[in-house]
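# Notes for the structure review
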Amino acid sequence: TQAQPTRRGALIVVEGLDRAGKSSQCEKLRDYLSQQGSPVKYIRFPDRTTPIGKLIDSYLRGSSHQDDHSIHLLFSANRWEVAKSIEEEIASGTTVIVDRYSYSGVVYSAAKANPTLSLEWAWQPEIGLPRPDLCLFLGISPEEAAKRGGFGAERYENETMQTRVRELFRTIFEKQNGVSIIDAGKSIDEVASEIQGAVAGCIARMDATAPLGKLGP
Ligand code: NYM
Ligand code: MG
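Reading the values: the criteria
- Residues numbered from 1 in each chain as written.
- Chains lettered and ligands numbered in written order.
- Predicted model: local features only at pLDDT ≥ 70, side-chain atom pairs only at ≥ 80, totals over all residues.
- UniProt positions renumbered as here; feature names shortened; annotations may be inferred.
- Helix = DSSP H or I, 4+ residues; strand = E, 2+ residues; numbered from the N terminus.
- Rg over C-alpha atoms; globule rule 2.2 N^0.38 Å.
- Buried ≥ 20, exposed ≤ 12 C-beta atoms within 10 Å, placed from the backbone.
- Contact = placed C-beta atoms within 7 Å.
- Core = buried A, V, L, I, M, F, W, Y, C linked by C-beta atoms within 7 Å.
- Near = placed C-beta within 6 Å.
- Nonpolar A, V, L, I, M, F, W, Y, C, P; charged D, E, K, R; others polar.
- Pairing = 2+ DSSP bridges.
- Axes fitted to C-alpha atoms, helices over the stretch in contact; angles between N-to-C directions.

An unreviewed UniProt entry lists the protein under the name Thymidylate kinase, with Penicillium olsonii as the source organism. In its Sequence similarities (unreviewed entry) section, the UniProt record describing the protein reads: "Belongs to the thymidylate kinase family." Under the Pathway (unreviewed entry) heading, UniProt states for the protein: "Pyrimidine metabolism; dTTP biosynthesis."

Here it is, written out as C-alpha coordinates:
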(Lines give C-alpha, C1' and ligand atoms only; values in the text may rest on other atoms or scores of the structure.)
(Ligands and ions follow the chains in the order given, each with its own letter.)
Protein backbone atom coordinates (compact mmCIF):
# COMPACT_ATOMS: atom_id res chain seq x y z
CA THR A 1 0.00 0.00 0.00
CA GLN A 2 1.07 3.53 -0.69
CA ALA A 3 1.81 5.94 2.14
CA GLN A 4 -0.73 8.75 2.49
CA PRO A 5 0.92 12.07 1.66
CA THR A 6 0.84 14.47 4.62
CA ARG A 7 -2.25 16.61 4.54
CA ARG A 8 -1.07 20.20 4.44
CA GLY A 9 -2.02 22.67 7.14
CA ALA A 10 -4.52 25.47 6.52
CA LEU A 11 -3.76 29.18 6.57
CA ILE A 12 -6.44 30.78 8.71
CA VAL A 13 -6.58 34.57 9.00
CA VAL A 14 -8.55 36.41 11.67
CA GLU A 15 -9.36 40.05 10.87
CA GLY A 16 -11.39 42.76 12.50
CA LEU A 17 -11.42 46.15 14.14
CA ASP A 18 -9.59 46.95 17.34
CA ARG A 19 -11.54 45.53 20.34
CA ALA A 20 -13.30 42.84 18.28
CA GLY A 21 -11.63 40.11 20.33
CA LYS A 22 -9.27 38.77 17.66
CA SER A 23 -6.42 37.83 19.95
CA SER A 24 -8.60 36.05 22.54
CA GLN A 25 -10.36 34.15 19.76
CA CYS A 26 -7.07 33.20 18.11
CA GLU A 27 -5.81 31.81 21.40
CA LYS A 28 -9.04 29.87 21.92
CA LEU A 29 -8.83 28.47 18.41
CA ARG A 30 -5.21 27.45 18.88
CA ASP A 31 -6.08 25.64 22.13
CA TYR A 32 -9.09 23.96 20.53
CA LEU A 33 -7.12 22.67 17.55
CA SER A 34 -4.24 21.41 19.63
CA GLN A 35 -6.67 19.57 21.94
CA GLN A 36 -8.01 17.92 18.76
CA GLY A 37 -4.48 16.78 18.00
CA SER A 38 -4.12 19.15 15.02
CA PRO A 39 -0.63 20.66 14.73
CA VAL A 40 -1.17 24.40 15.01
CA LYS A 41 0.78 27.62 15.27
CA TYR A 42 -0.48 31.08 16.18
CA ILE A 43 1.25 34.17 14.84
CA ARG A 44 0.27 37.82 14.69
CA PHE A 45 0.96 40.89 12.61
CA PRO A 46 2.55 43.23 13.25
CA ASP A 47 5.24 40.92 14.66
CA ARG A 48 6.81 43.52 16.92
CA THR A 49 9.83 41.37 17.80
CA THR A 50 11.82 41.70 14.56
CA PRO A 51 13.91 44.78 13.65
CA ILE A 52 11.17 45.92 11.25
CA GLY A 53 8.56 45.13 13.90
CA LYS A 54 10.37 47.37 16.38
CA LEU A 55 10.11 50.30 13.96
CA ILE A 56 6.39 49.59 13.58
CA ASP A 57 5.91 49.33 17.35
CA SER A 58 7.57 52.67 17.97
CA TYR A 59 5.41 54.24 15.25
CA LEU A 60 2.20 52.78 16.69
CA ARG A 61 3.07 53.93 20.19
CA GLY A 62 3.63 57.43 18.86
CA SER A 63 7.33 57.60 19.68
CA SER A 64 8.36 57.96 16.05
CA HIS A 65 7.05 59.47 12.85
CA GLN A 66 6.96 57.75 9.45
CA ASP A 67 5.70 58.78 6.05
CA ASP A 68 2.35 57.01 5.38
CA HIS A 69 3.74 55.07 2.41
CA SER A 70 6.89 54.15 4.24
CA ILE A 71 5.11 52.69 7.28
CA HIS A 72 2.75 50.86 4.95
CA LEU A 73 5.67 49.15 3.23
CA LEU A 74 7.20 48.27 6.60
CA PHE A 75 3.98 46.52 7.65
CA SER A 76 4.12 44.61 4.38
CA ALA A 77 7.82 43.78 4.78
CA ASN A 78 6.99 42.49 8.25
CA ARG A 79 4.76 39.87 6.54
CA TRP A 80 7.28 39.10 3.80
CA GLU A 81 9.99 38.38 6.34
CA VAL A 82 8.03 35.37 7.62
CA ALA A 83 6.23 34.35 4.42
CA LYS A 84 8.62 31.51 3.73
CA SER A 85 8.38 30.08 7.23
CA ILE A 86 4.56 30.17 7.00
CA GLU A 87 4.76 28.19 3.75
CA GLU A 88 7.06 25.65 5.38
CA GLU A 89 4.79 25.17 8.39
CA ILE A 90 1.78 24.68 6.14
CA ALA A 91 3.61 22.19 3.93
CA SER A 92 4.65 20.17 6.98
CA GLY A 93 1.00 19.83 8.04
CA THR A 94 0.75 22.61 10.60
CA THR A 95 -2.28 24.89 10.52
CA VAL A 96 -1.23 28.51 10.95
CA ILE A 97 -3.60 30.97 12.63
CA VAL A 98 -2.77 34.56 11.74
CA ASP A 99 -4.03 37.48 13.83
CA ARG A 100 -4.37 40.34 11.26
CA TYR A 101 -2.92 40.15 7.77
CA SER A 102 -2.81 42.02 4.45
CA TYR A 103 -6.44 43.12 4.85
CA SER A 104 -5.62 45.14 7.97
CA GLY A 105 -2.58 46.30 6.07
CA VAL A 106 -4.50 47.91 3.22
CA VAL A 107 -7.47 49.08 5.23
CA TYR A 108 -5.62 50.96 7.98
CA SER A 109 -3.28 52.63 5.48
CA ALA A 110 -6.04 53.63 3.07
CA ALA A 111 -8.12 54.95 5.99
CA LYS A 112 -5.62 57.78 6.38
CA ALA A 113 -7.13 59.40 3.28
CA ASN A 114 -3.71 60.25 1.91
CA PRO A 115 -4.40 61.15 -1.76
CA THR A 116 -1.61 58.92 -3.11
CA LEU A 117 -2.34 55.97 -0.83
CA SER A 118 -5.40 54.24 -2.28
CA LEU A 119 -6.56 50.70 -1.52
CA GLU A 120 -5.18 49.73 -4.95
CA TRP A 121 -1.76 51.21 -4.21
CA ALA A 122 -1.71 49.60 -0.80
CA TRP A 123 -2.48 46.13 -2.13
CA GLN A 124 0.50 45.94 -4.52
CA PRO A 125 3.20 44.87 -2.03
CA GLU A 126 0.86 42.14 -0.72
CA ILE A 127 0.75 40.35 -4.09
CA GLY A 128 2.54 37.03 -3.86
CA LEU A 129 2.20 36.53 -0.10
CA PRO A 130 0.64 33.22 1.02
CA ARG A 131 -3.11 33.31 0.37
CA PRO A 132 -5.34 32.44 3.32
CA ASP A 133 -7.51 29.34 2.91
CA LEU A 134 -10.03 30.97 5.20
CA CYS A 135 -10.46 34.53 6.39
CA LEU A 136 -12.67 35.17 9.40
CA PHE A 137 -13.85 38.73 9.86
CA LEU A 138 -14.93 39.55 13.40
CA GLY A 139 -17.50 42.30 13.07
CA ILE A 140 -18.41 44.48 16.02
CA SER A 141 -20.59 47.61 16.32
CA PRO A 142 -19.08 50.91 17.51
CA GLU A 143 -21.39 50.69 20.57
CA GLU A 144 -20.16 47.22 21.52
CA ALA A 145 -16.53 48.25 20.97
CA ALA A 146 -17.06 51.23 23.29
CA LYS A 147 -18.50 48.91 25.97
CA ARG A 148 -15.32 46.84 25.78
CA GLY A 149 -13.21 49.66 27.09
CA GLY A 150 -13.25 52.11 24.21
CA PHE A 151 -10.07 53.17 22.51
CA GLY A 152 -6.57 52.26 23.51
CA ALA A 153 -3.65 54.63 23.47
CA GLU A 154 -2.12 53.62 20.13
CA ARG A 155 -2.16 55.46 16.86
CA TYR A 156 -5.34 54.67 14.84
CA GLU A 157 -7.36 54.04 18.00
CA ASN A 158 -9.73 56.96 17.56
CA GLU A 159 -13.25 57.50 16.27
CA THR A 160 -12.32 58.94 12.86
CA MET A 161 -9.91 56.16 11.94
CA GLN A 162 -12.07 53.32 13.29
CA THR A 163 -15.09 54.56 11.32
CA ARG A 164 -13.10 54.67 8.08
CA VAL A 165 -11.52 51.31 8.81
CA ARG A 166 -14.97 49.79 9.36
CA GLU A 167 -16.15 51.17 5.98
CA LEU A 168 -13.07 49.97 4.13
CA PHE A 169 -13.22 46.46 5.62
CA ARG A 170 -16.78 46.31 4.30
CA THR A 171 -15.63 47.48 0.86
CA ILE A 172 -12.87 44.91 0.50
CA PHE A 173 -14.72 41.96 2.03
CA GLU A 174 -17.85 42.49 -0.09
CA LYS A 175 -15.97 41.49 -3.24
CA GLN A 176 -13.88 38.75 -1.65
CA ASN A 177 -14.64 35.01 -1.72
CA GLY A 178 -13.82 32.74 1.18
CA VAL A 179 -14.50 35.28 3.91
CA SER A 180 -16.63 34.26 6.88
CA ILE A 181 -18.26 37.21 8.59
CA ILE A 182 -18.69 36.47 12.28
CA ASP A 183 -20.84 38.54 14.65
CA ALA A 184 -18.26 39.22 17.34
CA GLY A 185 -20.80 41.04 19.49
CA LYS A 186 -21.98 37.66 20.83
CA SER A 187 -20.48 35.98 23.88
CA ILE A 188 -16.88 34.75 23.74
CA ASP A 189 -18.01 31.11 23.72
CA GLU A 190 -20.63 31.61 21.01
CA VAL A 191 -18.10 33.36 18.80
CA ALA A 192 -15.52 30.65 19.53
CA SER A 193 -17.84 27.85 18.50
CA GLU A 194 -18.82 29.63 15.28
CA ILE A 195 -15.14 30.01 14.46
CA GLN A 196 -14.45 26.36 15.29
CA GLY A 197 -17.18 25.27 12.90
CA ALA A 198 -15.81 27.34 10.02
CA VAL A 199 -12.23 26.23 10.67
CA ALA A 200 -13.08 22.54 11.01
CA GLY A 201 -14.78 22.70 7.61
CA CYS A 202 -11.75 24.39 6.10
CA ILE A 203 -9.25 21.92 7.55
CA ALA A 204 -11.36 18.99 6.36
CA ARG A 205 -11.06 20.33 2.81
CA MET A 206 -7.25 20.44 2.89
CA ASP A 207 -5.30 17.84 1.02
CA ALA A 208 -1.67 17.50 0.05
CA THR A 209 -2.36 17.96 -3.64
CA ALA A 210 -3.96 21.40 -3.34
CA PRO A 211 -1.04 23.70 -2.59
CA LEU A 212 -1.23 26.91 -0.64
CA GLY A 213 -2.12 29.78 -2.98
CA LYS A 214 -0.61 33.24 -3.33
CA LEU A 215 -2.39 36.57 -3.05
CA GLY A 216 -3.19 37.90 -6.52
CA PRO A 217 -3.68 41.42 -7.84
N1 NYM B 1 -2.02 47.52 11.40
C2 NYM B 1 -1.81 46.18 11.45
C3 NYM B 1 -1.73 48.25 10.24
O4 NYM B 1 -1.92 49.44 10.19
N5 NYM B 1 -1.22 47.57 9.17
C6 NYM B 1 -0.98 46.23 9.18
O7 NYM B 1 -0.49 45.66 8.19
C8 NYM B 1 -1.29 45.50 10.39
C9 NYM B 1 -1.03 44.03 10.44
O10 NYM B 1 -1.62 47.94 13.64
N11 NYM B 1 -4.44 49.23 15.03
C12 NYM B 1 -2.51 48.23 12.58
C13 NYM B 1 -3.85 47.85 13.10
C14 NYM B 1 -3.76 48.02 14.60
C15 NYM B 1 -2.27 48.13 14.89
O16 NYM B 1 -2.30 45.86 15.72
C17 NYM B 1 -1.75 47.13 15.89
P18 NYM B 1 -2.74 44.99 17.00
O19 NYM B 1 -3.39 43.77 16.44
O20 NYM B 1 -3.72 45.87 17.76
O21 NYM B 1 -1.49 44.74 17.77
MG1 MG C 1 -4.86 46.92 18.83
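Assigned secondary structure in the protein consists of eight helices and five strands. Reading the secondary structure of the protein in the N-to-C direction produces β-α-β-α-α-β-α-α-β-α-α-β-α. Radius of gyration (C-alpha) of the protein: 17 Å, near the 17 Å computed for a compact globule of 217 residues. C-alpha atoms of the protein, sized along the principal axes, occupy 60 × 35 × 30 Å. Burial status across the protein gives 33% buried among its 217 residues. When contacts within the protein are restricted to residue pairs at least 6 apart in sequence, those whose partners lie at least 24 apart make up 82%.

A few words on the nonpolar core. Core analysis: the largest hydrophobic core is formed by 41 residues, its most contacted members being Leu-11, Ile-12, Val-14, Ile-97, Val-98, Leu-136 and Leu-138. Only β1 (11–16), α1 (22–35), α3 (68–91), β3 (95–99), α4 (102–110), α5 (119–123), β4 (134–139) and α8 (188–204) provide two or more residues apiece to this core. Each residue touching Val-14, except ones within four places of it in the same chain, is listed here: Lys-22, Gln-25, Cys-26, Ile-97, Val-98, Asp-99, Leu-136 and Leu-138. Of all hydrophobic cores here, the second largest spans five residues; its members include Ile-52, Leu-55, Ile-71 and Phe-75.

Once that is clear, we can look at the site of ligand 1. Neighbouring residues of ligand 1: Asp-18, Phe-45, Pro-46, Leu-60, Phe-75, Arg-100, Ser-104, Gly-105, Tyr-108 and Tyr-156. In terms of residue count, α4 provides more of the shell around ligand 1 than any other element does, three residues in total. Along the lines of polarity and charge, the residues of the shell around ligand 1 split into six nonpolar, two polar and two charged.

For the rest of this paragraph, the subject is the UniProt feature "domain: Thymidylate kinase-like" (unreviewed entry) in the protein. What UniProt calls "domain: Thymidylate kinase-like" (unreviewed entry) maps, in this numbering, to residues 14–195. End-to-end, the C-alpha atoms of residues 14–195 are 10 Å apart, and along that stretch the chain is 51% helix and 13% strand.

This next bit is on the sheet that holds strand β5 (residues 179–183). What the five strands build is an open sheet, ordered β2-β3-β1-β4-β5; its pairing is parallel. Taken across any chain shown, the strands that pair with only one partner, and hence form the sheet edges, are β2 (40–44) and β5. Taken over all neighbouring pairs, the strand axes of this sheet differ in orientation by 20° on average, direction set aside. In this structure, β4 lies alongside β5, joined through five bridges in parallel fashion. Within the sheet, the bridge partner assigned to Phe-137 lies in β5 and is Ile-181. Running over the sheet, α1 touches β1, β2, β3 and β4 and is turned about 170° from β3. Contacts from α8 reach β1, β3, β4 and β5, with the element oriented near 165° to β4.

This part takes up the pairing of β3. Consecutive side chains of a regular strand alternate in pointing toward one face of the sheet and then the other. Most of β3 is tucked away, with five of its five residues classed as buried. Taking every second residue as pointing to the same face, both faces of β3 are buried, with Thr-95, Ile-97 and Asp-99 on one and Val-96 and Val-98 on the other. Pairing geometry for β1 and β3, over four bridges, is parallel. Its bridge partner being in β3, Val-13 is matched across the sheet by Val-98. Here β2 runs beside β3; their pairing, made up of five bridges, is parallel. What sits directly across from Tyr-42, in β3, is Ile-97.

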